[in-house]
Amino acid sequence: MEENELAAFRERWKRELGGKNEDNRLVCAASSSRDVPDQLRKKNVKQETCDGEKDEAETEDQPEYVSIARSLLDGRTSPLLDRIQEERTRRKRLYHNITDACSSSLQQQKQPERKLKKEEELVDQLIQDLNEVNDIPFFDIELPYELALKIFQYLSCVELGRCAQVSRAWRVLAEDGVLWFRMCQREGYHQDASVSDSPCWKSTLRDYRNSARTVRSNWKNRVGSIRQLQFELGKVLCDVSSCDSFVLAGYTSGDVRLWDTLHWDLAASYLKTNSLSANTNPRPHVSHVQVNSTVAAAAYGDGCVDLWSTETGGEPIHHYQIPGRIQALALSPDSPVLVSATGSDVRLDCASDCGYWRTTCQVQLTKTVESLILVPDRPSLAPLVVLAAGEDVHLLNPREEQPQTLHSVYGHPVTCLDASNLLAAFGVKRTGWAMHDGGNKIHVYSLETGKPAVCVGSSPGDFTCINLRDSPPHLLVCGNKDRRVRVFDLRTGSSVASLYAHHLGVCSVQTDDWKIVSGGEEGLVCVWETRMGAKLWETHNRHPVRHVRFNTSTLVTANIPDDKSPRGACITDDDLTAHRRHRGVVCHYDFSEDALSQDHILPICRSDYTESYGYNYNINLTVPYDRLSASHPSH
């Protein structure tokens, strides 16, 4: 009810109750009592028989809102039509009470004034009830608890907090454990939990939000711990992969090292190489490594591929060899599926339910495969592989005989590739007259239809990296040789952010809902705030940043040298300290820890005398006492 209608209703109600109704009743009562006071009792029987007719006449004379108002004054929350019979019974009783009151009012002089005050109090009570009805719906009284809970599940945390202040009944609904449990799961917490796992899901969600706020502040202020994952016998770092808490690294010595960042007290797993590569002299370099939550894979320079279990480590659980050098290797992030490419040959291996690996598909293309990726989020479906071979981009399905061609333009090679569960994105290098049509582009195709979805980007430089899988929905982040990091909205095809990041070009990038982490050819790792486009902090190492991967509270970066056999570098097993600057480095940042904790201390200060690499840091430690002693030898 709007304000003008409510004001008009109040005025009409006051006039009828305070004026016409009161005068009519007092006149009728006075005339009947003055003429035949003794006949009132005799007419009671006749009045009872005529009550129905009088009530109907009164109902016809009175407006509709008077009946509604009287029902609200009686304490009801909603005047429903099915209560008309009860209303008529109540009016009969009210008629008898008014008749008795009229007979006694002749003996009192101040009775009309008292009735007028009573009617005014009823009007005020009616207005107060109407305000409550407009402000507070009382569906929790008449609806079942389950239906009210169904309505409340669409509210946010702030709205539930406001509803809890309305009444006790609403507070019980707003603090129901099922509501807060579902809210925890919607925000990504306790996906595999049940309602009975926590006594108070509201407190659990509050704790998680406070922790997320602290972690975000640590990200912005670079507060936390840092560790350098090193393997002295590995020589030069070749490739790095990370997933969840696992970090996998391969070296020129042919060794593969696995770290579990959740259990720092345990020694890093040393994965044994297959006997064929181990007995080769010299041992082949590790060309590619991939890891997920269950298995780790590595490809060697002699065409061998090994797979290990992340739980047991040790000996490989699967091994095969392909003639020639392996150009690309990909492992599904959520299922035991491995794909490798040698020249134009593509091989797909999967694990059965019993854990036995077998080759499910082998395809030969017309051109050399340069990069490939497995489509994520398909654990129960057939695996899909997106391959880039020269100017062609193919979609490989093991259930089909030949791969499907998504994109093919002569003279426009593919420079980078990535895929999500629904889309595939790749950068195309345009040459000749095509550069006058906006420059290099990023093409995005739908994996369901195989048709182009959107084309973004317009740069004279080549796109070097794309991250679509780890980006927020409808967003794509990419790096370019023109030194810029760009974020595109795939719904509109427009640019959300464009940052001048690295003066030698961008080689790795990842983003989430509020920050961007990029790695450059010059060795810088930069953290940006997306909304403001401002750089929060940066860190530098000697070699290009080929790997950047972060989650809510951790960041893994890898500076991998381009030169795997540097000139003048005598890296042997007997000389572990020689030329550390040529090895590359893997860094693990943890922003969930406090800066004052023990883990924040630099590794050189946490090493002991039993560790051989504790003396390998090329730094000089000086204190004021040492400087004082050098200036005054007598002391």
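Since this is a predicted model, take the numbers as computed values, not measurements. Note that residues are indexed from 1 along each chain, following the sequence as it is written. For a predicted model such as this one, the threshold for reporting local features is a pLDDT of at least 70, and the threshold for listing and counting side-chain atom pairs is 80 or more; totals across whole chains, interfaces and linings nevertheless cover every residue. As a rule here, side-chain values cover all heavy atoms of the structure and leave hydrogens and water aside.

## Quick look at the overall build of the chain
How we decide: Secondary structure elements are taken from DSSP: a helix is a run of H or I of four residues or more, a strand is a run of E of two residues or more, and numbering for both begins at the N terminus. Burial status follows relative accessibility: with a 1.4 Å probe on protein chains alone, a residue under 20% of its type maximum counts as buried, one over 50% as exposed, and anything between as partly exposed. We call two residues in contact whenever any of their non-hydrogen atoms come within 4.5 Å of each other. For the area figures, the Shrake-Rupley method with a 1.4 Å probe applies, and any residue is considered shielded solely by the protein chains shown.
Each helix and strand in the chain was counted, giving 14 helices and 32 strands. Counting only residues that meet the buried cut, the chain has 44% of its 635 residues in that class. Long-range contacts, defined as pairs at least 24 residues apart, comprise 46% of the intrachain contacts of the chain with a sequence gap of at least 6. Accessible surface, the chain: about 35,100 Å² in total, of which carbon and sulfur atoms supply 50%.

## Thoughts on the confidence of the model for the chain
Heads up, the condition is: Confidence scores here are pLDDT values: one per residue, from the predictor, ranging 0 to 100.
Across the chain, the average pLDDT comes to 78, with 71% of residues at or above 70. Taken as a whole, residues 26–50 scores under 50 in pLDDT and shows 14 contacts with residues more than four places along the chain or in a different chain. In the model, residues 606–635 has pLDDT below 50 throughout and makes 22 contacts with residues more than four positions away in sequence or in other chains.

## Remarks on the sheet that holds strand 29 (residues 534–540)
The following threshold applies: Whether two strands pair comes down to DSSP finding at least two bridges between them. Fitting a line to C-alpha atoms yields each axis, with helices limited to the stretch in contact; the angle taken between N-to-C directions then spans 0 to 180 degrees.
Taken together, the four strands give an open sheet; going across it, the order is 26-27-28-29, and neighbouring strands pair in antiparallel fashion. Each of the sheet's edge strands pairs with one partner strand only, and the pair in question is strand 26 (506–511) and strand 29. This sheet shows a mean twist of 20 degrees between the axes of neighbouring strands, independent of strand direction. Of the pairings in the sheet, the one linking strand 27 (residues 515–520) to strand 28 (residues 524–529) comprises five bridges and is antiparallel in character. Looking across to strand 28, one finds that Ser518 is bridged to Cys526. Against the sheet, helix 11 (residues 201–221) makes contact with strand 27, strand 28 and strand 29, and its axis sits at roughly 70 degrees relative to strand 29, the strand it touches most.

## A short note on the packing of aromatic side chains
Let me state the cut-off plainly: Only Phe, Tyr and Trp rings are paired, with Trp represented by its six-membered ring, and only when their centres lie within 6.5 Å; those with planes under 30 degrees apart are stacked, over 60 edge-to-face, the remainder tilted.
One pass over the structure, following the stated rule, counts nine aromatic pairs. Ring geometry for Phe152 against Trp170: centres 5.7 Å apart, planes inclined by 85 degrees, an arrangement best described as edge-to-face. Separated by 18 residues along the polypeptide, Phe152 in helix 7 (residues 145–152) and Trp170 in helix 9 (residues 168–174) bring together distant segments of the chain. Trp170 shares its class with Phe152; the two are buried. Where Trp219 meets Phe550, the ring centres are 5.7 Å apart and the plane angle is 65 degrees; that geometry is what we call edge-to-face. Of this pair, Trp219 sits in helix 11 while Phe550 sits in strand 30 (residues 545–550), placing them 331 residues apart in sequence.

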